[in-house]
Amino acid sequence: VFEHNAFDGHEHVAFYQDNASGLKAIIAVHNTNLGPSLGGCRMWPYANSEEALKDVLRLSKGMTYKAAMANLPQGGGKSVIIGDPRKDKSEAMMLAMGDFVQSLGGKYICAEDSGISVENLHVMSQRTDFASGINAKFRYDGSPSDGNPAPSTAYGVFVGVKASVAHKFNSSLEGVTVAIQGLGHVGFRLAEHLHKAGAKLIVADIYPDNVAKAEQEFGAKVVAADEIHAVECDVFAPCAMGASINDSTIDAIKAKVVAGAANNQLAEEKHGEMLRAKGILYAPDYVINAGGVIDIYHQRIESTAEDMRKHIEGIGTTLSEIFTRAESEGTAANIVANTIAEERFLGK
Ligand code: NAI
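The residue count restarts for each chain, going from 1 along the sequence in the order it is written. Totals for whole chains, interfaces and linings use all residues, but because this is a predicted model, local features are given only for residues with pLDDT of at least 70 and pairs of side-chain atoms are given and counted only at 80 or more. Remark: hydrogens and water are excluded; side-chain values derive from all non-hydrogen atoms of the structure.

(A) Molecular detail of the domain arrangement of the chain. Where each domain begins and ends is defined by an automated method or by a domain database. Domain assignment breaks the chain into domain 1 (12-62 + 77-124) and domain 2 (150-345). Relative placement of domain 1 and domain 2: their C-alpha centres are 28 Å apart. Residue contacts follow a heavy-atom distance rule, with two residues in contact if any of their heavy atoms lie within 4.5 Å. Across the boundary between the two partners, domain 1 contributes 8 residues, which contact 6 residues of domain 2. In this assembly, domain 1 packs against domain 2 so that about 620 Å² is buried in total across both faces, 66% of it on carbon and sulfur atoms. The term buried area refers to how much accessible surface (probe radius 1.4 Å) is lost by two components on association, counted for both of them together. Contact with domain 2 buries area across many residues of domain 1, yet L34, L38 and I109 alone supply 49% of it, more than any other trio. Within this document, salt bridges are pairs made up of a side-chain nitrogen of Lys or Arg and a carboxyl oxygen of Asp or Glu, the two lying within 4 Å of each other. Applying the counting criterion to the domain 1 and domain 2 interface returns 0 salt bridges. The definition of a polar contact used here is a pair of N or O atoms within 3.5 Å, where within protein one atom must be able to donate a hydrogen and the other to accept one, and adjacent residues in sequence count solely through side-chain atom pairs. The interface formed by domain 1 and domain 2 includes 1 residue pair in polar contact (both at pLDDT 80 or more). For the side of domain 1 that touches domain 2, the elements supplying multiple residues, two or more each, are strand 2 (23-31) and strand 5 (108-112). Considering only residue class, the side of domain 1 that touches domain 2 consists of 4 nonpolar, 3 polar and 1 charged. Each helix corresponds to a stretch of at least 4 residues labelled H or I by DSSP, and each strand to a stretch of at least 2 residues labelled E; elements are numbered beginning at the N terminus. Put simply, Ala, Val, Leu, Ile, Met, Phe, Trp, Tyr, Cys and Pro go in the nonpolar bin, Asp, Glu, Lys and Arg in the charged bin, and everything else, Gly too, in the polar bin.

(B) Structural detail: helix 10 (residues 305-329). Expected helix span is taken as 1.5 Å per residue step, with the number of steps being one fewer than the number of residues. For helix 10, spanning 25 residues, the distance from its first C-alpha to its last is 37 Å, which sits close to the expected 36 Å at 1.5 Å a residue. Per-residue accessibility, obtained with a 1.4 Å probe over protein chains only, is compared with the maximum for each type, and a residue is labelled buried under 20%, exposed over 50%, and partly exposed between these values. If you check which residues of helix 10 are buried, you get A305, M308, H311, I312, I315, G316, T318, L319, I322, F323 and A326. Looking one or two places after helix 10, you find G330, whose phi comes out positive at around 65 degrees.

(C) Layout of the sheet that holds strand 9 (residues 235-238). One open sheet accounts for 6 strands, arranged 8-7-6-9-10-11; its pairing is parallel. Each having just a single partner strand, strand 8 (221-222) and strand 11 (281-282) make up the two edges of the open sheet. As paired strands, strand 6 (residues 177-181) and strand 9 are joined by 4 bridges and run parallel to one another. Among the inter-strand pairings, I180 is bridged to a residue of strand 9, identified as A237. DSSP calls a pair of strands paired once it identifies at least 2 bridges connecting them.

(D) Quick peek at the site of the ligand. Think of it this way: one heavy atom of a residue within 4 Å of a molecule or strand is enough to make that residue near it. Neighbouring the ligand are 22 residues, the closest being T153, H185, V186, D205 and A240. Contact with the protein chains covers 75% of the free accessible surface of the ligand, which is 820 Å². Tallied by class, the residues present in the shell around the ligand amount to 12 nonpolar, 8 polar and 2 charged. To be clear on the numbers: accessible area is Shrake-Rupley with a 1.4 Å probe, and residue cover counts the displayed protein chains and nothing else.

(E) Expanded view of helix 6 (residues 208-218). Listed in full, the buried residues belonging to helix 6 are V211, A214 and F218. Within helix 6, the buried residues cover an arc of 65 degrees as seen down the axis, which keeps them to one side. Facing away from the buried side of helix 6 by more than 90 degrees, the exposed set consists of P208, D209 and Q216. Positive phi shows up at G219, right after helix 6, with a value of about 60 degrees. The directions from the helix axis to the C-beta atoms are what the arc is built from.

(F) The layout of surface pockets, seen in detail. Whether a set of points on the 1 Å grid over the protein atoms alone is a cavity depends on a 1.4 Å probe fitting there but being unable to get out, while an open set qualifies as a pocket with protein on both sides within 12 Å along at least five of seven lines; lining residues are those with an atom within 4 Å of a point. Grid points are joined across faces, edges and corners, and a volume is the space filled by probe spheres set on the points. Taken as a whole, the second largest pocket holds about 210 Å³ of empty space. Lining the second largest pocket are 15 residues, with R276, I280, L281, A326 and E327 sitting closest to its centre. Secondary-structure elements contributing two or more residues to the lining of the second largest pocket are helix 4 (150-169), helix 7 (270-277), strand 11 and helix 10. Partitioning the lining of the second largest pocket into residue classes produces 7 nonpolar, 5 polar and 3 charged.

(G) View of the packing of aromatic side chains. Each Phe, Tyr or Trp ring (for Trp, its six-membered ring) is paired with any other whose centre lies within 6.5 Å, and the angle between the two planes then decides the class: stacked below 30 degrees, edge-to-face above 60, tilted in between. Scanning the model with the defined rule gives 6 aromatic pairs in all. Plain terms: the ring middles of Y16 and F100 are 4.6 Å apart, the flat faces sit at 10 degrees to each other, and that makes the pair stacked. Of the two residues, Y16 sits in strand 1 (residues 12-18) while F100 sits in helix 2 (residues 91-103), which places them 84 residues apart along the sequence. Y16 gets classed as partly exposed once you look at its relative accessible area, which sits at 27%. F100 sits in the buried class, given a relative accessible area of 1%. Judged by centre distance (4.3 Å) and plane angle (5 degrees), the rings of Y140 and Y155 are stacked. Here Y140, found in the loop between helix 3 (118-124) and helix 4, pairs with Y155, found in helix 4; they are 15 residues apart in sequence, far enough to count as distant. Each member of the pair Y140 and Y155 is classed as buried. An aromatic cluster is built from Y65, Y286 and F345, whose rings are joined through pairwise contacts.

(H) Quick peek at the pairing of strand 6. Burial of strand 6 is extensive: 5 of the 5 residues sit out of reach of the surface. What you see with strand 6 is no split at all: T177, A179 and Q181 on one side and V178 and I180 on the other are buried throughout. With 5 bridges joining them, strand 6 and strand 7 (residues 200-204) adopt parallel strand pairing. For T177, the partnering residue across the bridge sits in strand 7 and is K200.

Structure below.
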């Protein structure tokens, strides 16, 4: 039984079950006013379908806001497969997922997400015309791409950190201290860009080999994973999991800028206002981390690495506009970003 507003403004929510392969999946299309919806397919051992539905609705809505803020002619969608990607995944299941994606007739374009690889998308593409991330040709810097959008995400976050620091401190990154939480695909590459730009780094990860490499290559200072948000620094860059800004961490943050790659950094929207009240500039997550989705877009159209790079660099300009509007309206940056995105995709 679903409550009246259970689908949270979504256009289309579809459930699919394929008994032969064991596929159980949901596709959520949040909004297609600006174009077809695009978003990753996540495979996760959800405890039940309600949990899976909640996740796919939240994630697909986020993709609409992300696409709108990145000036992309597309909407937001996402899909989830209920199952353990290490145990339950099979070729037959990926083919069935391809059928499911195809059944929406192009309203939803599927990409990689946690648990789903470029290879899986290749299999889906045998059954659907709407699988992306499989024909990647170039990265934003002109080097060849294997389809992983993380380098573009990291570059966009770097551009966003630079714009945030310029706004807050009226300075370049030279000598600025950045604390990075999580040195994975995005965090490590961000560290590399920041190091080259002359920033000082403090890093943490739950895997010691990731931090050891940053210590060696960039002279980063290493701290424990549960301390990184509270270190003395200028910028805190959450690049691990979501909700790192929450009731129990917010008071300890000493940075004057929060700007990083993680999705859903604020545990709740109210934490954006709490950051503002503390004089901390917050770069809204779905604005600063849009480099990956911009990358996927440029791989789908006739485009060049140069066009992609310029588009990613637009993240800096968009952030500066948000910061200026937030200050003039006395509103938190996350609320301003939501408003601008809604102005775009709802035509308000
Ligand atoms: P990843 O899984 O490669 O890296 C995450 C890193 O964070 C791992 O090294 C992990 O060990 C570490 N970590 C986990 N919990 C931690 C903790 N409590 N403290 C410190 N480190 C911790 O993921 P990836 O691709 O680098 O993504 C990072 C974030 O950026 C995620 O939130 C993701 O949703 C978001 N994002 C990624 C995009 C991409 O293109 N890969 C695009 C947009 C957003």
